[in-house]
Structure formats: structure tokens, C-alpha cells
Amino acid sequence: MNLILRTTATLFIAAGFCAGVMAQSAAPLRVGSKIDTEGKLLGHMMVLALEASGIKTQSKVSLGNTQVMRGAITAGEIDIYPEYTGNGAFIFAEEKSPVWKNLQTGYERVKALDYAKNKIVWLQPAPANNTWTIALRKDVALANKLVTLGDLSAWLAGAGDKSGQFKLAASAEFVERSDALPAFQLAYQFKLKPYQLLTLAGGDTSVTVRAAYEKTSGVNAAMAYGTDGAVAALGLVILEDTQGVQPVYAPAPIVREDALQKNPKIAEVLAPVFKLLDRTTLQMLNAKIQLEGQDAKKVAGDFLKSKGLLK
């Protein structure tokens with residue numbers, strides 16, 4: 001009788017264990033993204049592609065800025081999200097290393113560092129560079145012959161220093177992060193005064209670019225990204241970074257190792273999606289959202305369908 005009871009108990013325990021494993025493997029993959037336009041676009045692309053391949057997901061698209069996303073994935077609150085290779089310089093305090101100025105070397109470096117420290121796997125990046133830039137209203141640029149950030153620095157040291165001559169709309173992250181505006185200011189030897197800054201909540205460049213276009217609160221310049229679709233269309237020009245201050249920011253899916261082991265198809269599913277995302281393509285897709293007001297999920301779905309990656 002005792003043998004039968006022990007056998008029965010063992011079966012119950014084994015059944016419970018198997019059920020627990022099945023429940024764990026059946027748990028949805030939590031897909032996050034940043035709050036900016038491109039973050040939403042990439043996040044929805046990932047959700048749609050993964051779902052189409054049979055991987056159940058929980059969408060946490062538009063969750064927060066870089067700091068929020070890093071905290072979420074390292075704490076196990078999300079499993080995967082699109083990040084940028086150049087952010088490795090900031091995340092791992094290697095801002096001065098030249099490795100980040102090249103897409104492939106930057107990718108290999110952040111891939112090794114993030115896996116060693118956090119068991120986070122960087123999948124294949126897109127062939128695009130969504131680097132931070134400063135965009136200026138074209139009328140201001142032409143009137144003052146401003147083409148480069150060096151030109152801007154010289155102008156700010158003279159006439160451009162006057163109140164109302166220059167005002168930049170940017171996110172708090174861009175203003176505060178050592179590898180963003182402070183890096184530009186250090187390299188080109190200028191320092192914006194409080195009245196020359198309009199710091200906006202969030203990190204969406206569609207808001208900063210439109211603020212410059214509409215001259216909101218006297219703004220005539222904007223934090224922008226290299227793949228922003230709205231810059232040229234709204235009459236702004238990107239000031240050339242002749243010193244190569246900014247790292248290469250190639251978007252790539254990053255995933256927790258345990259989540260990848262449970263869903264080994266993730267890399268195979270997302271590789272063809274990100275391979276298509278060069279600078280021109282991302283500018284075009286971002287413009288549909290920023291300028292035409294289309295829903296980011298619809299833009300993502302239409303693009304994947306047009307490439308035969310979604311039915």
C-alpha cells in the first residue's frame with residue numbers, strides 16, 4: 001500500500017512538474033519598445049512577425065525611454081525589444097571608445113558585453129544608422145550659412161547667441177545624456193543657455209521636429225534622428241557632424257537568453273525583417289507615421305505584407 005501511495009504521489013508530482021513546464025513554455029513573449037516613432041514602428045513589426053510565425057506575444061510597445069527599457073529587460077519584466085548598437089557606449093560607459101563609430105565593430109562589442117553581464121542576446125542589426133542629430137529650420141540655415149555643427153558653434157558665439165536667435169526642442173534624455181547634446185557641445189565648443197532650450201517630455205522626435213516647423217515657443221531647431229522622415233518634408237536640414245561625434249545607431253532586436261531558448265525561432269523570424277530596414281526605408285516608413293498620421297501598427301503591417309513576410 002505504501003508503495004502504491006508513493007508511486008501515485010510521484011506521478012502527481014511529475015504531472016505537476018510537466019504542467020508547470022508547459023505553462024512556462026506557453027507564456028507569451030513580452031515584446032517592448034521605446035516611445036518614439038521608430039520605436040513604435042519596430043516594436044509592432046516584431047510583434048506582427050513573431051505572431052505570424054506562431055510565437056504568442058504580449059505587446060508592451062511604447063513602454064518608455066532607453067533607461068526604462070534597459071531596466072525592464074534586465075529585471076525580467078520584458079523579454080525582447082529593439083535597441084540601438086550605439087547605445088552600448090552609454091550603457092557600458094565606453095563613450096570614448098572609437099569602436100562605436102563603426103556598425104559592425106559596435107555591434108560585436110555590445111553583443112559581447114551585454115551577454116557577459118546580463119545574458120542578453122543581440123540579434124542581427126538593420127543596415128541603418130539612426131544616429132542623433134540637430135536639425136535646423138532651412139530658412140535660418142540659409143540666412144546664416146549654417147551647414148555643419150561647426151558653423152552653428154561659430155554662429156552661437158556671435159549673432160546666434162542673442163535671445164530668440166536659436167532655440168532647440170529636445171527630450172530630457174538628449175539634453176542630459178553625456179553622449180548626446182553634451183557630446184556635441186564639448187566637441188564643437190558651444191554651450192546652450194536655458195533660454196535656448198525647450199525640453200519636452202518623452203523622446204519622440206516627431207514632436208521636436210514639428211515644434212521647430214511650427215516655431216513653438218520660438219523653437220527653430222530640433223533634436224532629430226538620421227532616419228526621421230519628417231525633417232526634410234517640414235523644411236528642416238540636418239547639420240553635418242563633421243567630427244563624427246555620434247556613434248552608429250543601428251537598430252537590432254535584443255532578447256533575454258532564457259526567452260530565446262524557449263523560442264529558438266525568434267532569430268530566424270526577425271532576421272529578414274531587420275535586413276530590409278535601411279535608412280531610406282525607415283525614413284519612408286517613419287514619414288507615414290509622423291507626417292501622414294498613419295497608425296504605427298498599420299504601417300508596420302502594410303510593410304511586412306508588401307515584402308511577403310505577413311499574409
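Above: the structure in question.
Residues numbered from 1 in each chain as written. Predicted model: local features only at pLDDT ≥ 70, side-chain atom pairs only at ≥ 80, totals over all residues. Heavy atoms only, no water.

A. Up close: the sheet that holds strand S9 (residues 236–238). Reading across from one edge, S7-S6-S8-S5-S9 is the order of the 5 strands in this open sheet, with mixed pairing throughout. The open sheet has two edge strands, strand S7 (197–200) and S9, and neither has a second partner. Strand after strand, the sheet turns through a mean of 35° between neighbouring axes, direction not considered. Helix H9 (residues 181–188) rests against strand S5 (132–137), strand S6 (168–171) and S7 of the sheet, and its axis sits at about 75° to S5. (Pairing = 2+ DSSP bridges. Helix = DSSP H or I, 4+ residues; strand = E, 2+ residues; numbered from the N terminus. Axes fitted to C-alpha atoms, helices over the stretch in contact; angles between N-to-C directions. Contact = heavy atoms within 4.5 Å.)

B. Structural view of the pairing of S5. With 6 of its 6 residues buried, S5 lies for the most part within the structure. As paired strands, S5 and strand S8 (residues 221–225) are joined by 5 bridges and run antiparallel to one another. In the strand pairing of S8, Leu 136 is matched with Ala 221. (Buried < 20%, exposed > 50% of the residue type's maximum accessible area, 1.4 Å probe, protein only.)

C. Main features of the packing of aromatic side chains. Using the criterion set out here, one finds 5 aromatic pairs in the structure. Ring geometry for Trp 155 versus Phe 166: centroids 6.3 Å apart, planes at 85°, classification edge-to-face. Taken together, the residues span a long stretch of sequence, with Trp 155 in helix H7 (residues 149–156) and Phe 166 in the loop between H7 and S6 at a distance of 11 residues. Judged on exposure class, the residue Trp 155 and its partner Phe 166 are both buried. Across from the ring centre of Tyr 115, 4.9 Å away, lies the NZ or CZ of Lys 119, which sits over that ring. Positioned above the aromatic ring of Phe 90, the side-chain terminus of Arg 177 is 4.0 Å from the ring centre. (Phe/Tyr/Trp six-rings, centres within 6.5 Å; stacked < 30°, edge-to-face > 60°. Lys NZ or Arg CZ within 6 Å of the ring centre and 35° of its normal.)

This is a description of form; function is not addressed.
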